[in-house]
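Below are the chains, spelled out letter by letter.
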Amino acid sequence: MSKRREMAIKRRRRFILTVVLVFAVIAGIIMSVVSCGSKGKNKEFNVSAKAESTASFNESKTESLTESTLKTLNGLDAEYGNLMLVNGSNPLPDNYDSEIRSSLVEIDKDLRNNDYVTKIHKTVYPYITAMVKAAQNDGVELKVWSPFRSYADQEALFKKQVARTGGDEKLAATVVARPGTSEHNTGICADFNMADDAFENTPMYTWMCENAENYGFILRYPKSKQDKTGVIYESWHWRFVGINNAKAINKSGLCLEEYLEQNNIEQEIDINNF
Ligand SMILES: [Zn+2]
């Protein structure tokens with residue numbers, strides 16, 4: 001073979017090698033771009049899938065409320081409710097305290113952390129029991145602290161608060177309701193774990209915010225509603241209104257007073273009606 005021909009073959013080989021290398025590099029770049037793209041695509045897909053599932057959840061939630069197809073939840077009657085309004089301007093009738101005694105039942109010992117006040121209205125018993133058990137099953141130490149309080153209990157608490165405020169009954173009433181105007185006299189609400197602002201920073205409060213409506217309870221005195229409720233923000237005080245009612249009230253962003261007013265719901269307090 002002539003030296004010239006040998007050189008030509010070598011040059012050709014070098015050229016082919018270079019071309020192969022260049023192709024390999026280009027192919028490598030293309031592969032990595034495609035794989036990044038598909039990763040991004042997956043991410044996008046996951047995000048949109050999540051958004052879609054949230055949207056359909058909200059949709060089904062709305063549908064269930066408007067069409068009243070949600071009849072039971074957590075084994076409880078979702079349609080049953082009680083929108084009785086008791087506050088400073090809507091006191092309970094005089095006979096309520098004596099009449100309600102026969103409708104109270106004892107909350108199970110392992111579901112409460114108070115042996116002094118232990119009772120709840122019998123209609124609310126299955127709801128509060130299911131709720132506290134569900135929280136405890138989720139590893140959250142939710143306990144009923146103060147459910148039903150008698151007129152006399154409330155009177156004693158109110159007098160104590162008046163003494164603390166130097167005799168200012170009006171100021172005292174924003175913290176402790178006057179006897180006959182406290183929801184605790186109704187037996188359809190409860191304080192949980194403690195009657196203290198510290199409750200807001202507990203896992204129990206977080207759990208309640210996420211789940212209480214599924215058992216018919218609402219945060220009765222929200223932070224921004226003191227002018228409507230007449231009561232300071234109480235993270236620990238939850239009121240039974242019924243499951244579908246609780247969902248509708250939470251969705252509306254209104255407190256109970258506003259919700260009843262906007263929907264023209266007039267609730268007569270009738271001891272025999274629940
Ligand atoms: Zn309370």
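Use the structure listed above.
The model shown is predicted, which means the values in this text are computed figures rather than measured ones.

J.: Where do I start with the environment of V231 in this structure?
T.: With respect to the element layout, V231 can be found in the loop between α7 (226-229) and β8 (237-240). Those residues within four positions of V231 in sequence are excluded, and the remaining contacts are T174, Y221 and Q226.

J.: What exactly am I supposed to notice about the sheet that holds β8 here?
T.: Adjacent strands of a sheet pair through backbone hydrogen bonds, lying either parallel or antiparallel. Read from one edge of the open sheet, 4 strands run β5-β6-β8-β7, paired in antiparallel fashion. One side of each edge strand has no neighbouring strand; the edge strands of this open sheet are β5 (144-146) and β7 (217-219). Strand-to-strand twist across the sheet, computed as the mean angle between neighbouring axes with direction ignored, equals 45 degrees. Alignment of β5 against strand β6 (residues 189-192), held across 2 bridges, turns out to be antiparallel. Note on β6: the bridge partner recorded for S146 is D191.

J.: Can you walk me through the packing of aromatic side chains in this structure?
T.: By the definition in use, this model includes 8 aromatic pairs. On the basis of an interplanar angle of 25 degrees and a centroid distance of 6.1 Å, the ring pair of Y80 and F240 is categorised as stacked. You can see Y80 sitting in the loop between β2 (76-77) and α2 (96-100) and its partner F240 sitting in strand β8, a full 160 residues away along the chain. Given the relative accessible area of 24%, Y80 is considered partly exposed. Ring plane angle 80 degrees and centroid distance 6.0 Å describe the contact between F199 and Y205, whose orientation is recorded as edge-to-face. We note that F199, like Y205, is buried.

J.: How should I be thinking about the coordination of the zinc ion in this particular structure?
T.: Six octahedral donors around a metal ideally make angles of 90 or 180 degrees; four tetrahedral donors ideally make 109.5 degrees. Surrounding the zinc ion are the protein donor atoms H184 (NE2), D191 (OD) and H237 (ND1), which sit 2.0 to 2.1 Å from the metal. Going along the chain, you hit the donors of the zinc ion in the pattern H-x6-D-x45-H. Of the two residues, D191 is situated in strand β6 and H237 in strand β8; the sequence distance between them amounts to 46 residues. Residue D191 is classed as buried on the basis of its relative accessible area of 3%. Using a relative accessible area of 2% as the deciding quantity, one classes H237 as buried.

J.: How should I be thinking about the environment of N185 in this particular structure?
T.: For N185, the location among the structural elements is in the loop between α5 (169-175) and β6. As for N185 and Y151, which are separated by 34 residues in sequence, their C-alpha atoms are 6.3 Å apart. Those residues in contact with N185 that sit more than four places away from it in its chain are L92, Y96, I100, F148, R149, S150, Y151, Q154, P179 and G180.

J.: Would you mind going over a positive patch on the surface with me for this structure?
T.: Judged by side-chain charge, K10, R11, R13 and R14 come together as a positively charged surface patch. Assignment of secondary structure puts R13 in helix α1 (residues 3-66).

J.: In this structure, what is going on with the layout of surface pockets? I would like to understand it.
T.: Empty space among the atoms becomes apparent when a probe as large as a water molecule is rolled across them. The calculated volume of the largest pocket comes to roughly 600 Å³. Around the largest pocket sit 27 residues that line it, and R149, L157, V176, D191 and A195 are the ones nearest its centre. Taken together, the elements giving at least two residues each to the lining of the largest pocket come down to β5 and α4 (151-164). Among the residues making up the lining of the largest pocket, the classes are represented as 13 nonpolar, 7 polar and 7 charged.

J.: Could you clarify how one ought to interpret the pattern of salt bridges in this entry?
T.: Opposite charge on two side chains permits pairing when their charged atoms draw close. Inspection of every chain in the model, using the stated rule, returns 13 salt bridges. D115 is paired through a salt bridge with R112; the nearest N and O atoms lie 2.9 Å apart. Take R112: its relative accessible area is 9%, and that puts it in the buried class. Put simply, K247 and E213 hold a salt bridge, and the shortest N to O gap is 3.5 Å. With K247 in helix α8 (residues 243-252) and E213 in the loop between α6 (203-211) and β7, this residue pair connects regions lying 34 residues apart in the sequence.

Thresholds, definitions, all that
Residues numbered from 1 in each chain as written. Predicted model: local features only at pLDDT ≥ 70, side-chain atom pairs only at ≥ 80, totals over all residues. Heavy atoms only, no water. Helix = DSSP H or I, 4+ residues; strand = E, 2+ residues; numbered from the N terminus. Contact = heavy atoms within 4.5 Å. Pairing = 2+ DSSP bridges. Axes fitted to C-alpha atoms, helices over the stretch in contact; angles between N-to-C directions. Phe/Tyr/Trp six-rings, centres within 6.5 Å; stacked < 30°, edge-to-face > 60°. Buried < 20%, exposed > 50% of the residue type's maximum accessible area, 1.4 Å probe, protein only. Donors = N, O, S within 2.8 Å, 3.2 Å for Na, K, Ca; no water. Patch = residues over 30% accessible without salt bridge, like charges linked within 9 Å, V, L, I, M, F, W, Y side chains within 5 Å. Areas by Shrake-Rupley, 256 points an atom, 1.4 Å probe, with all protein chains shown as cover. Salt bridge = Lys/Arg side-chain N within 4 Å of Asp/Glu carboxyl O. Lys, Arg positive; Asp, Glu negative; His and termini not counted. Charge placed at Lys NZ, Arg CZ, Asp CG, Glu CD. 1 Å grid on protein atoms, 1.4 Å probe; cavity = no way out; pocket = protein on both sides within 12 Å on 5 of 7 lines; lining within 4 Å. Points joined across faces, edges and corners; volume = space filled by probe spheres on them. Nonpolar A, V, L, I, M, F, W, Y, C, P; charged D, E, K, R; others polar.

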